[in-house]
Amino acid sequence: MNKEIIEKKLKNTLSENRFRHSLSVARESEKLAKFHKVPVELAYLAGIMHDCAKEFSVRDSLEILKKHNVALDKISLNENKLLHAHVGAIVAREEYGIKDSQVLDAIRYHTTAKENMSSLLKIIYVSDSIDPTKKHDSTAYVRRLSFNNLNKASLVVLTETINRLISRNSLIHPNTFQARNDLIIKSIKIFKKKVN
Ligand SMILES: [Fe+2]
Ligand SMILES: [Fe+2]
């Protein structure tokens, strides 16, 4: 499926705001991918598709997961916001013919993040957070940082997300903690290497 067909199909499925957000994430992801030498086409695909299932009902989402034998953990099943990432990866594969495993992974984990993130996943994770529609105070800072150091930018977003979820008394998926711990451990290792 080419770019035009994907956009046309998504435009018919998503609300106007969600479609605009998806386009904006795709464009930001393309810029970051170019800068960090990640294939730009993959960044576009993951960016444009990341919220393709965001407006599905919980009932439809659970049905799709069941049909494709995807068993989710207790936290993902009890937090509606987490469902759409997993369902989105299925929809991208089944209805949009996207086969690239890195793209599907970036869609699947764009909400929680995870340990050992690919550069593509970090790009989608950060681009999703700095989209102007989200109006986070740190947007300008994170955008600047993301062109300098993708790990540091991801770490800032992960910390802010965890803080926000705690202040709202929301569930927090273990993948989010693992992603943050992983990036901190890696940054300590880099620091030790530089010192030695
Ligand atoms: Fe999302
Ligand atoms: Fe999004």
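The following refers to the structure shown. Please read these numbers as outputs of a predicted model, since none were measured by experiment.

About the thresholds
- Residue positions are given per chain, counted from 1 along the sequence in the order it is written.
- Written order determines the labels here, with chains lettered from A and ligands numbered from 1.
- The predicted origin of the model limits local features to residues at a pLDDT of at least 70 and limits the giving and counting of side-chain atom pairs to 80 or more, whereas totals for whole chains, interfaces and linings rest on all residues.
- In computing side-chain values, all of the structure's heavy atoms are included and hydrogens and water are not.
- Atoms of type N, O and S within 2.8 Å of a metal are treated as its donors, and for Na, K and Ca the window is 3.2 Å; water is not considered, so some sites may appear to be missing partners.
- Angle rules define the geometry names used: all angles between 85 and 135 degrees makes four donors tetrahedral, while opposite donors over 155 degrees apart and all other angles between 65 and 115 make four donors square planar and six octahedral, leaving every other case irregular.
- Only DSSP runs of H or I with at least four residues qualify as helices, and only runs of E with at least two residues qualify as strands; both kinds are numbered from the N terminus onward.
- Think of it in three bands: with a 1.4 Å probe and only protein chains considered, a residue is buried below 20% of the maximum accessible area for its type, exposed above 50%, and partly exposed in between.
- The salt bridge criterion pairs a side-chain nitrogen of Lys or Arg with a carboxyl oxygen of Asp or Glu, the two atoms within 4 Å.
- In what follows, a contact means two residues having at least one pair of non-hydrogen atoms within 4.5 Å.
- A pair of aromatic rings is counted whenever rings of Phe, Tyr or Trp (Trp by its six-membered ring) have centres within 6.5 Å, and the orientation is called stacked for planes under 30 degrees apart, edge-to-face for over 60 and tilted otherwise.
- Patch definition: residues above 30% relative accessible area lacking any salt bridge, with like charges linked at up to 9 Å and the nonpolar side chains Val, Leu, Ile, Met, Phe, Trp and Tyr linked at up to 5 Å.
- The method behind every accessible area is Shrake-Rupley, applied with a 1.4 Å probe, and residues are considered shielded solely by the protein chains displayed.
- Fitted lines through C-alpha atoms serve as axes, helices being fitted only where they are in contact, and the angles separating the N-to-C directions of these axes extend from 0 to 180 degrees.
- What sets the label is the angle itself: under 35 degrees gives roughly parallel, over 145 gives roughly antiparallel, 65 to 115 gives roughly perpendicular, and the rest give oblique.
- Residues enter a nonpolar core if they are buried and are Ala, Val, Leu, Ile, Met, Phe, Trp, Tyr or Cys, with the set joined through side-chain atoms within 4.5 Å.

**Focus on the coordination of the iron ion (ligand 2)**
When a metal carries six donors in an octahedron, the ideal angles between them are 90 or 180 degrees, while four donors in a tetrahedron ideally lie at 109.5 degrees.
Working step 1: Within the protein, His 21 (NE2), His 50 (NE2), Asp 51 (OD) and Asp 128 (OD) serve as the donor atoms for the iron ion (ligand 2), at 2.2 to 2.3 Å.
Working step 2: Coordination geometry of the iron ion (ligand 2): the four donor atoms subtend angles of 81 to 174 degrees at the metal centre, consistent with an arrangement described as irregular.
Working step 3: All donors to the iron ion (ligand 2) come from one chain, and their sequence spacing reads H-x28-H-D-x76-D.
Working step 4: Between the iron ion (ligand 2) and the iron ion (ligand 1), both coordinated by Asp 51, there is a metal-metal distance of 3.6 Å. On the criterion of sequence distance, the pair formed by His 21 in helix α2 (residues 16-36) and Asp 51 in the loop between α3 (40-49) and α4 (58-67) is long-range, its members being 30 residues apart. Just as His 21 is buried, Asp 51 falls in that class too.

**Considerations on the pattern of salt bridges**
Working step 1: Applying the stated criterion to the full structure yields nine salt bridges.
Working step 2: Of the charged contacts in the structure, one is a salt bridge between Glu 28 and Arg 143, with a shortest N-O distance of 3.3 Å. In this pair, Glu 28 sits in helix α2 while Arg 143 sits in helix α9 (residues 139-148), placing the two residues 115 residues apart along the sequence.
Working step 3: The buried category is assigned to Glu 28, whose relative accessible area is 9%.

**A word on the coordination of the iron ion (ligand 1)**
Working step 1: All of the protein donors around the iron ion (ligand 1) are Asp 51 (OD), His 84 (NE2) and His 110 (NE2); their distances to the metal are 2.1 Å.
Working step 2: Between consecutive donors of the iron ion (ligand 1), the numbers of intervening residues give the motif D-x32-H-x25-H.

**A word on the environment of Leu 150**
Working step 1: For Leu 150, the location among the structural elements is in helix α10 (residues 150-167).
Working step 2: Of the residues examined, Leu 150 reaches a relative accessible area of 8% and is grouped as buried.
Working step 3: Sequence separation of Leu 150 and Ile 98 is 52 residues, and the distance between their C-alpha atoms is 25 Å.
Working step 4: Apart from residues no more than four positions distant in its own chain, Leu 150 is found in contact with His 36, Ser 119, Lys 122, Ile 123 and Leu 145.

**Considerations on the packing of aromatic side chains**
Working step 1: What the rule picks out here adds up to one aromatic pair.
Working step 2: Considering the side-chain rings of Phe 35 and Phe 147, the 5.4 Å spacing of their centres and the 85 degrees angle between planes classify their relative orientation as edge-to-face. Linking Phe 35 in helix α2 with Phe 147 in helix α9, this pair joins segments that are 112 residues apart in sequence.
Working step 3: Looking at Phe 35, the relative accessible area reads 48%, which means it is partly exposed.

**Points about a nonpolar patch on the surface**
Working step 1: A cluster of nonpolar side chains, namely Val 58, Leu 62 and Leu 77, defines an oily patch on the protein surface of about 210 Å² accessible area.
Working step 2: Mapped onto the elements, Val 58 comes out in helix α4.
Working step 3: Accessibility expressed as a relative area gives 35% for Val 58, which makes it partly exposed.

**With respect to the packing of helix α1 (residues 3-13) against α3**
Working step 1: Where α1 meets α3, the closest approach of the two axes is 11 Å, and the angle between their N-to-C directions is 10 degrees. On the basis of the axis angle, α1 is roughly parallel to α3. Residue-level contacts link Lys 3, Ile 6, Glu 7 and Leu 10 of α1 to Tyr 44, Leu 45, Ile 48 and Met 49 of α3.

**Quick word on the nonpolar core**
Working step 1: Counting 52 residues, the largest nonpolar core has Leu 10, Ile 48, Met 49, Ile 98 and Val 103 as the members making the most contacts within it.
Working step 2: Contacts of Val 103, omitting those with residues within four sequence positions, involve Leu 42, Leu 45, Ala 46, Ile 98 and Leu 120.

**Here's the deal with unusual backbone geometry**
Working step 1: In this structure, Lys 37 takes a positive phi of about 60 degrees despite not being glycine.
Working step 2: Structurally, Lys 37 is set in the loop between α2 and α3.
Working step 3: Of the residues examined, Lys 37 reaches a relative accessible area of 75% and is grouped as exposed.
Working step 4: For Asn 116, which is not a glycine, the phi torsion comes out positive at approximately 55 degrees.
Working step 5: With respect to the helices and strands, the residue Asn 116 is situated in the loop between α7 (101-108) and α8 (119-130).
Working step 6: Taking the relative accessible area as the measure of exposure, Asn 116 reaches 53% and is therefore exposed.

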